[in-house]
Amino acid sequence: MDVTCIFSTGDTLAPALPSNAANCRRNSTIYRQVTTTGTHFAPISGTGGAVGAAMRTQIDRLLL
């Protein structure tokens, strides 16, 4: 399974902890990790800020 974990440095609900990265890596065969600025709810407003840009980049990578 191809997994991209996007961690945001300002996220208090799902913080970018080493244990979160280890969990994502353990449950995938192809693993990418992106750490960006912003909060947990950044993707729901406007363009999503840095988190939204990271999401679009990874989606483009997977679809092209």
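Residues numbered from 1 in each chain as written. Predicted model: local features only at pLDDT ≥ 70, side-chain atom pairs only at ≥ 80, totals over all residues. Heavy atoms only, no water.

Novice: I tried to follow the overall build of the protein on my own but got confused; where do I start?
Specialist: Along the protein, the regular secondary structure elements total 2 helices and 2 strands. Helices and strands appear in the protein in the N-to-C order β-α-β-α. Over its C-alpha atoms the protein spans a radius of gyration of 12 Å, differing by no more than 12% from the 11 Å that the globule rule assigns to 64 residues. Seen through its principal axes, the protein has C-alpha atoms that stretch 30 × 30 × 15 Å. Taking all contacts inside the protein whose residues are at least 6 apart in sequence as the whole, residues at least 24 apart take part in 66%. Summed over its atoms, the accessible surface of the protein is roughly 4300 Å², and 62% of this surface lies on carbon and sulfur atoms. (Helix = DSSP H or I, 4+ residues; strand = E, 2+ residues; numbered from the N terminus. Rg over C-alpha atoms; globule rule 2.2 N^0.38 Å. Contact = heavy atoms within 4.5 Å. Areas by Shrake-Rupley, 256 points an atom, 1.4 Å probe, with all protein chains shown as cover.)

Novice: Looking at this structure, I do not really get a nonpolar patch on the surface. What am I missing?
Specialist: There is a patch of nonpolar side chains on the surface, built from Met55, Ile59, Leu62 and Leu63 and spanning about 390 Å² of accessible area. Within the element layout of this structure, Leu63 appears in helix α2 (residues 49–63). Judged by relative accessible area, Leu63 falls into the exposed class, the value being 68%. (Patch = residues over 30% accessible without salt bridge, like charges linked within 9 Å, V, L, I, M, F, W, Y side chains within 5 Å. Salt bridge = Lys/Arg side-chain N within 4 Å of Asp/Glu carboxyl O. Buried < 20%, exposed > 50% of the residue type's maximum accessible area, 1.4 Å probe, protein only.)

Novice: How should I be thinking about the environment of Ala54 in this particular structure?
Specialist: Position of Ala54 relative to the elements: it lies in helix α2. For Ala54, a relative accessible area of 11% corresponds to the buried category. Sequence-wise, Ala54 and Arg26 are 28 residues apart; in three dimensions their C-alpha atoms are separated by 22 Å. Apart from residues no more than four positions distant in its own chain, Ala54 is found in contact with Ile6 and Val34.

Novice: I'm lost on α2 in this one. Help?
Specialist: For an α-helix, 3.6 residues make a turn, and residues three or four places apart therefore share a direction. Under the 1.5 Å per step criterion, the end-to-end length of α2 is 21 Å for 15 residues, consistent within 8% with the ideal 21 Å. Those residues of α2 lying buried are Val51, Gly52, Ala54 and Gln58. Buried residues of α2 fall within an arc of 160° about the axis and therefore sit on the same side. Against β1 (2–8) and β2 (30–36) lie the buried residues of α2. (Expected span 1.5 Å × (residues − 1). Arc of directions from axis to C-beta.)

That's the geometry; what it means functionally is another story.
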